[in-house]
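Breakdown of the fold
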Amino acid sequence: MHIMEGFLPWQWCLFWYLVALPVVAYGVIQIKKITDEHPESKPLLAVSGAFIFILSSLKLPSVTGSCSHPTGTGLGAVLFGPAVACVLGAIVLIFQALLLAHGGITTLGANIVSMGIVGPLSAWLVYKGIQKIGWSPLIGIFLAAAAADLLTYVTTAIQLSLAFPLPTFGAALTKFMGIFAVTQIPLAIIEGLLTVAIFNYIMRLRPDILEKLKVIKPKLKETDEHKGVVA
């Protein structure tokens, strides 16, 4: 997904920076708010960032100027919200651009928009929708992680098509989407399953933190005891 250094025209680089920066700034504010209210969530925040770094570093050759890989942003988006996941994604993208030659500084804004904004936002919306209809959190996290992965690549395909609409935007988008789909659909399924395993471990180890962050509902037993005390 990372669009490589110098690949986009400067006008598009500037445009995507202008889109990304306000969201990153808001995410920083959200991180401070969450960690002030729930300081015990800091290790989980670090785990979410590490998860993004590891998964998004596993790149495979794909479209010229880009690549395919898992994103890992779905977990952070579900746990802390899309704005926080955007900041984590931005930090990861900066490190990868500087240390791994993965992505770039000129294309950082575009990569933040796809992997740090659209991906996490789609994951958060999917998980909240699943939560609202009462399905299992594990189903929700699977679909959220897969959605974050797939929508990230849809966004990258759109970005490349806007920059290089040859012969037309529609034709370019169809081509880019078709090439990405070969690798990204199976990667999205694999990422979803891996995220389920991590999320399930966290849910068994520290359900109290997930309840405070409103990621999962309080246990029925605790709710019943509370009602009994009130009665």
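Going by the structure above, here's the rest.
Predicted model, so just to flag it, every value in this text is computed and none were measured.

Thoughts on the pattern of salt bridges
- The full count for this structure, using the stated rule, is three salt bridges.
- Here Asp36 ties to Lys32 by a salt bridge, and the two come within 2.9 Å at their closest N and O atoms. Linking Asp36 with Lys32, this pair stays in helix 1 (residues 10–37), spanning four residues, or about one helical turn.
- You can call Lys32 exposed: its relative accessible area is 54%.

So, helix 6 (residues 137–163)
- In this model helix 6 runs 39 Å from its N-terminal to its C-terminal C-alpha over 27 residues, within 8% of the 39 Å that 1.5 Å per residue would give.
- Sitting at the head of helix 6, Ser136 places a side-chain oxygen 3.1 Å from the backbone nitrogen of Leu138.

Looking at the packing of helix 2 (residues 42–56) against helix 3 (residues 73–80)
- Across the interface, helix 2 lies against helix 3 with an axial gap of 8 Å and an inter-helix angle of 155°. Classed by the angle they form, the pair helix 2 and helix 3 counts as roughly antiparallel. In the packing of helix 2 onto helix 3, the handedness of the crossing is left-handed. Contact residues: helix 2 offers Leu44, Leu45, Ser48, Phe51 and Ile52, while helix 3 offers Thr73, Leu75, Gly76, Leu79 and Phe80.
- Classifying every residue of the contact of helix 2 with helix 3 gives seven nonpolar, three polar and no charged.

Cut-off values and rules
- Residues numbered from 1 in each chain as written.
- Predicted model: local features only at pLDDT ≥ 70, side-chain atom pairs only at ≥ 80, totals over all residues.
- Heavy atoms only, no water.
- Salt bridge = Lys/Arg side-chain N within 4 Å of Asp/Glu carboxyl O.
- Helix = DSSP H or I, 4+ residues; strand = E, 2+ residues; numbered from the N terminus.
- Buried < 20%, exposed > 50% of the residue type's maximum accessible area, 1.4 Å probe, protein only.
- Expected span 1.5 Å × (residues − 1).
- Polar contact = N/O pair within 3.5 Å; in protein donor to acceptor, adjacent residues only side chain to side chain.
- Axes fitted to C-alpha atoms, helices over the stretch in contact; angles between N-to-C directions.
- Parallel < 35°, antiparallel > 145°, perpendicular 65-115°, else oblique.
- Left-handed = near helix turned anticlockwise from the far one by under 90°.
- Contact = heavy atoms within 4.5 Å.
- Nonpolar A, V, L, I, M, F, W, Y, C, P; charged D, E, K, R; others polar.

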